2 protein chains.
Amino acid sequence: MSSKQLVYFFGAGKAEGNATQKELLGGKGAGLAEMTNLGVPVPPGFTIVTDVSVGYLSSKQTPPELKAQVETALAKVEQIVGMKFGDPSNPLLVSVRSGARASMPGMMDTVLNLGLNDATVEGLIKKTKNPRFALDAYRRFLTMYSDVVLNVSREPFEHALDEIRRDIGKNRGLSANQTHGEELKRAVPDSDLDEGHLRKLVASYEEIVKKATGKPFPQDVSEQLWGAILAVFESWNNPRAATYRKMHDIPVSWGTAANVQAMVFGNMGDTSATGVCFTRDPSTGEKKLYGEWLPNAQGEDVVAGIRTPRKIAKGTGGPDDETLEVGMKPAFDELLKITERLEGHFNDMQDIEFTIQEQKLYLLQCRSGKRSAKAALKIALELQRAGRLTKDEAMLRIEPESLNQLLHPILDPEVVKRSTPIARGLNASPGAAVGAVVFNADEAEKRALRGEAVILVRTETSPEDIHGMKAAKGILTARGGMTSHAAVVARGMGTPCVAGCSALQVDEHKKIVRVAVTTDGKPMEVVELREGDIVSLDGGTGAVYRGALALKPAALSGDFSELMAWADERRVLRVRTNGDTPKDAKTARNFGAEGIGLCRTEHMFFDDKRIAAMREMILASTKADRETALAKLLPFQREDFIGIFTEMQGLPVTIRLLDPPLHEFLPHSPEAIAATSAASGVSKETIVKRSEDLFESNPMLGHRGVRLAITYPEIYAMQTRAILEAAIEVSNKGLSVLPEIMIPLIIGKRELDICKEIVDEVAKDVFAKAGRSIPFMYGTMIEIPRAALRAGEIAETAEFFSFGTNDLTQTCLGISRDDADKSFLPQYVEQGVLAKSPFNSLDQEGVGELVSIAKERGRKTRPKLKLGICGEHGGDPSSVDFFHRIGLDYVSCSPFRVPIARLAAAQAAVRTDAKQK
Amino acid sequence: MSSKQLVYFFGAGKAEGNATQKELLGGKGAGLAEMTNLGVPVPPGFTIVTDVSVGYLSSKQTPPELKAQVETALAKVEQIVGMKFGDPSNPLLVSVRSGARASMPGMMDTVLNLGLNDATVEGLIKKTKNPRFALDAYRRFLTMYSDVVLNVSREPFEHALDEIRRDIGKNRGLSANQTHGEELKRAVPDSDLDEGHLRKLVASYEEIVKKATGKPFPQDVSEQLWGAILAVFESWNNPRAATYRKMHDIPVSWGTAANVQAMVFGNMGDTSATGVCFTRDPSTGEKKLYGEWLPNAQGEDVVAGIRTPRKIAKGTGGPDDETLEVGMKPAFDELLKITERLEGHFNDMQDIEFTIQEQKLYLLQCRSGKRSAKAALKIALELQRAGRLTKDEAMLRIEPESLNQLLHPILDPEVVKRSTPIARGLNASPGAAVGAVVFNADEAEKRALRGEAVILVRTETSPEDIHGMKAAKGILTARGGMTSHAAVVARGMGTPCVAGCSALQVDEHKKIVRVAVTTDGKPMEVVELREGDIVSLDGGTGAVYRGALALKPAALSGDFSELMAWADERRVLRVRTNGDTPKDAKTARNFGAEGIGLCRTEHMFFDDKRIAAMREMILASTKADRETALAKLLPFQREDFIGIFTEMQGLPVTIRLLDPPLHEFLPHSPEAIAATSAASGVSKETIVKRSEDLFESNPMLGHRGVRLAITYPEIYAMQTRAILEAAIEVSNKGLSVLPEIMIPLIIGKRELDICKEIVDEVAKDVFAKAGRSIPFMYGTMIEIPRAALRAGEIAETAEFFSFGTNDLTQTCLGISRDDADKSFLPQYVEQGVLAKSPFNSLDQEGVGELVSIAKERGRKTRPKLKLGICGEHGGDPSSVDFFHRIGLDYVSCSPFRVPIARLAAAQAAVRTDAKQK
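Keep in mind the model is a prediction, meaning the values are calculated, not measured.

A. Expanded view of the packing of aromatic side chains. Residue and element names in this part refer to chain A. The final tally for this structure, using the stated rule, is 26 aromatic pairs over all chains. An angle of 70° between the planes, with centres 5.1 Å apart, marks the rings of Phe 824 and Tyr 828 as edge-to-face. For the pair formed by Phe 824 and Tyr 828, the shared burial category is buried. Among the aromatic residues, those joined into a ring-pair cluster are Phe 141, Tyr 145 and Phe 217. Residue placement shows Arg 576 over the ring face of Tyr 890; its charged tip is 4.1 Å from the ring centre.

Here it is as structure tokens:
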């Protein structure tokens, strides 16, 4: 009979599977098989392959041949350990554990001590002569199996246990606050339960099950086993697991394996123990056995927090005399030897679970361990230096995203673990900040001048707040999305920002902010923060904390530079930055940017003096008045460009001409309107009226970008003049300048042609006056689906395309970025309509196809068309991989993401080469 | 020498061109050639081909061989007429006229009497012995040439002429109000000017030219000729012509021909005359010579309005004794004979210009005449019945768009010509209405109940206004676009509507509307309208008039039915309607709709009782409360569907589940909020808060369509239940029912799968309870670019696609329909970025490609996938042509456009077949 192998046995030094079979056996099963083959002491068992769970979850059936294969494997286990499953005189107990292809720690279900029933427990007592141990194992099994397989709530079990604890406690005279919850648990630990208590407990547990399910607890061990196996399969679809899969991009189609393994016990007395360890320090990467253990305990005790776990090796934190190294030296020595071997074998830091049963060491799991960016860097580079990894392999070991930890100051992760945020908003601009709450820009500036760290808190920010935003260490707003004024300006400045934090109610007038705080299980409370109160915020996660949390500074090491050098050698994609100021330009150059891919000119207008002229321009009723106002802006723009060109020292600078709708520049508050009226001589009513006229029901799809130039060509004329005059001036100083003028939001070739006339005319004039010319490029954003489709024609005029994937995502998907996060987008990701937020990671199937189409058509017309991307996807590793694969020339991202993009681009190149081989 | 023929001669019964050469010779040139060949008396001349103007307009040069060819042709003309160009003793005079491929009446320039100068005018005097005639011709030429060629303003010429008129008038004792403008012209007609006056005038005209240009008026007739030819070329690009091209989709690349022709004169005394005529009545199509003439006049006099033109044939309106038929019988008879022959030759009603010079008849132009829809219909059908056109040819003769005139009541076009609108808004819903202004729905209902016709005038409408909108004859709003509440509801109801009329300032409280009226040349005045004042509005053009304009009712004839029958036989595309009510369904069936392509369910919720339950649903905080509210809506929805299914008698009905964002249903005014609060028991604060929570910065890209079902699946469950229960009920009565359930706004397959589960579950339940099932189809809108790209996958689940080209246009082009009309879109059309508004006529290059892609990919997955389109483009003829060409199954449009779509679909089929032959 050639039926498919559904069950893979491992044990006694020989396994049917191995480490390469993660898809089939899951990570845990593959690890157990590999360890067995390596001769590592692993309790025998077998793995049911992932396909079985996939089939079961869709059909609720398992293949007919499964039963026989499981029985055969189980018999081998019985033979090796010399015990028999369900034999009252010598019972074999097993664990049943899940195991997906990727690690999903704690997300799915496990059943331990399976095989116990009213008869086998007595056999176990007889055999071990340890009634406490056997009865404790049985009551643990009853609880776990009832929860996982029978769907009985854990609560009545806890109640029954507390009942007994209280009985014991009564005799000891416990205080009133020791009769409940954690206090009671601590006062009467499980080890205080004697045989009588445990027998009573088992009886009441069996009663609970009967009451809840209408049937007695299953005494048939085979029924127990199949119940547990199917429950493990089902747990692939539990909500925790589903959420974890979404977060980590794990496809639902993978399914989970089930591992059935002979039990070993760390709780058989003082010569038994259990623990978890890493082959290195996962925070630093330092080579030492790093982990925790507990004598006389089962695995769950180490993580449950009732008993404080002890350190494994001397000198890793705890008291030396409590370490495994001191307490159980022979087991420690064997563990050290084995773990060294495993790290060597897998060529990576391992995360290992072990149990010592009556002095004998068993390994229950080994897998690559999670680590900090710093550790990842150190480990990868050490292994490469040791000749155990190639540079390519070493680079692939580092999550590009994790570099964020190294580039920004962060809140100390240890402190964060112990802290509960009072609110969460959008992670609008990365990095952490701690400071005193202030409610307006002037106060922010005043306090900052005297050296105080401040956090500017506003309902939303507007151009009038710019000086305060510059002065603040962090920005926190109650309204607005990832493209709100606060978010965009903060990212540009590199200032941490949490935006759209809707739990906040900000009263700027009374200088008070109320936060509705919901903590698990507690009624909602309203926290009030006043001016000067300290808050901490994490712009990388969107969390806001009360009080000062410890900050950890950005730490760039020699390892980091080395890694970046490798990446630069390997990558094909160039990496530019999005930057609007000389400061941005400098930061980005330090991070390795090879040019500016997006210089937004509008942010230059938000400064005090400039905004006045800008408003004058918008309020002007004739072209002549507009030109007068624009003439005032010209010198400012020219100075900006001189600064940026100088800083970029001959690297290309792509400048996008004015993009946002004009109403964004008009004043909103009555005070600002009054001020503008006074400054411009335009009546307040006219200002309000103009604002109303410019109002749009869908500004994202409105009168912005090149559409402004079609109606007011003089704006782009002024900007072109500023760019080219600046270029001449910098070039006259002997520096090289590479300006690229970029037109936003076109839908076809014609707009580009109309603007080219404007640009060429200005260029002719500027160059004539200067007596010399500067070569510059003329190109466009592709950020509207129609532009992507018409790319063939557009490339007749455009010398380069820069894909504005933010807007292209909004239009291709019909989703407003500012609104969707607070309405349907989270559910769209949860329910699998979209794998991830398309604003964080490029929607390759939709937006990606438009980018590909535009690339094909554009290059067909103009084979040397320069192609880049300047949406925020330019800093997202999986998007960078896509852009590499379709053959763009460069990505451009915010300054702090430049190193991430460099590494991601290198990894993309490595992966592509690997596939082609 | 084989140089290209650039000049085509015609004259003396033989022409080098013919009627088929419109592309080369323009319409006028081709007509003149054809008439010449037919032996019709046409003054000799020649045509310079269109290519020359195209080349000239881009390079400002003409081909070197042109000059010789013009000279040769001119020599032939001289020979035929026996006169010589520039010869002072026997001068040949010529006209120089434009002539594009398509008729563009009056849009380009003309120069008459060319060849006159100070010498030749004396020769002409001698030859004609008519100094008045010759000098009058000269001063007319001076004016026209100076204007057209030399760009000298007409104003000083008018002043000089008025000066002379006043001199003459002085002697006659004119009253003060007769010394200016039109009064003066009437008091002293040109015919009162004697030789002395004219000589004086010519002298002062020559002085004006010299002053304005710095040079004397060109005396060299050859210089005159080339000046005029180039000016005619230039006039292809004048603003009037550019606008006309945009309006009529005439490509700028066509260019214009120039026609140079020997002058004949209708102003050589009482045996001379000039006129224009049609071979039929252009309003009715009745066969009779229909036109106007003037004795002793030049062409421009007939249209100038100084002298009242006379009728040509007896019994066509004017006094019989003033007709040409009576006054110049021989010329009339010849004209009648020739025009009969021309109509026969061209097989169409002709529009003819003629001149009689000293009793000899000359034809100067013949072309197909513009006609009313009614006339077009009659003419096409008569010609078909006479065997002179095939049915296909006859159908192509009728502009589908023009059928609108026959289907809706319209404002009497004669009255409209004489009236000036006080304002213009968006043509939001076609048809005309006249009635009393009212400012709120209750007043509208009250007055309508007592039989008064009312126009509801609001800043914008909201669901609370529905009863008033139903009661009103027409709706007028100051704000909102083509998809505003007013526009959508009005189109659904078939009520005329002008929306977004921004010149209005509506004060609903004081019941007054102010309109800023700008009339050419007059200062702006503010007109106030109060309750009860009468206004007229034209929903087809967006014009609003003060007072009652005459209405013409819709007039459907037997001819119309016959044409429609032909169209139905010929077309391949099916035509459905967009309709939300049994009334819509009935109207559309009467117009020949073959099903409902879009039944929007949301409008069903705006009724008084329903909106309360809808709001309850939106304000509910739990799923259970939402379901309770939805249960109240269920019977209403079911009734709606029963009505529609019954009316459609077995034709398919595509029902779109809820689409708009929920905030559209919430109350806005304080009164409505208070009423909702009272009815629902929800506090006013909560209602306002919920409104704020639901607010979106870009609602078009927001939480709507299927996105509502992902977050609130119970809404679509209720709607599905209502549809299927209604289907069962109607089917139980023995009628056949074909429901098609349509999911809006998907971006991929997954949303469709999620909703399919909801739909299938409800269907199972409904069918189980009914003890029987009804077949229904399940499909989706394709209205987001990503959905078009993912169509291959989507078709795995969808049994049909309906392209929502309105939203697909908004997303593909990134243009908000509600905002763009009042900001940049008009300029986009004017500057040629878009040929037409993409919301009126499908953008075939962009949106059209997405439709094609979706069609290809969808049909690849599911070859029998049903494909339709339900955007407003379904009723636009050129879009219908596109949908036919790419092979959709049907178009769906508003009820009143169904006949237009039927004809357009037939024409598309005819044209496609013709191309394939």
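B. Local environment of the relation of the copies chain A and chain B. Relative to chain B, chain A is turned by 179° and slid 0.2 Å along the rotation axis, the superposed coordinates differing by an RMSD of 0.3 Å. Taken together, these values place the two copies in the relation of a two-fold axis. Considering only C-alpha atoms, the part of chain A nearest the rotation axis is Asn698(A), at 2.2 Å. Same-surface contact between copies: 100% of interface residues of chain A are shared with the interface of chain B.

C. Structural context of the sheet that holds strand E22 (residues 512-517) of chain B. Residues and elements named next belong to chain B. With antiparallel pairing, the three strands of this open sheet are ordered in space as E21-E22-E23. Lying at the two open borders of the sheet, with one neighbouring strand each, are strand E21 (504-507) and strand E23 (525-530). Strand-to-strand, the axes of this sheet are offset by a mean angle of 20°, without reference to chain direction. Where E21 and E22 come together, four bridges link them in antiparallel fashion. Pairing of Gln 505 across the sheet is with Arg 514, part of E22.

D. Representation of the environment of Val54(A) in the model. All names here are of chain A. Its place among the elements puts Val 54 in helix H2 (residues 50-59). Its relative accessible area of 34% is what places Val 54 among the partly exposed residues. C-alpha of Val 54 to C-alpha of Ser 253: the two residues are 199 residues apart in sequence and 6.9 Å apart in space. Here Val 54 is in contact with Ser 253, Trp 254 and Gly 255, once residues within four sequence places are set aside.

E. Region of the structure containing helix H25 (residues 670-680) of chain A. All names here are of chain A. Listed as buried for H25 are Ala 672, Ile 673, Thr 676 and Ser 677. For H25, the buried positions fall inside an angular range of 140° around the axis, keeping them on one side. Turned more than 90 degrees from where H25 packs its buried face, Pro 670, Glu 671, Ala 678 and Ala 679 sit exposed. Taken together, the buried residues of H25 touch helix H23 (608-619) and helix H26 (684-694). The positive-phi residue at the C-terminal boundary of H25 is Gly 681, with phi of around 75°.

Calculation notes
Residues numbered from 1 in each chain as written. Chains lettered and ligands numbered in written order. Predicted model: local features only at pLDDT ≥ 70, side-chain atom pairs only at ≥ 80, totals over all residues. Heavy atoms only, no water. Phe/Tyr/Trp six-rings, centres within 6.5 Å; stacked < 30°, edge-to-face > 60°. Buried < 20%, exposed > 50% of the residue type's maximum accessible area, 1.4 Å probe, protein only. Lys NZ or Arg CZ within 6 Å of the ring centre and 35° of its normal. Least-squares fit on C-alpha atoms with pLDDT ≥ 70 in both. Contact = heavy atoms within 4.5 Å. Pairing = 2+ DSSP bridges. Helix = DSSP H or I, 4+ residues; strand = E, 2+ residues; numbered from the N terminus. Axes fitted to C-alpha atoms, helices over the stretch in contact; angles between N-to-C directions. Arc of directions from axis to C-beta.

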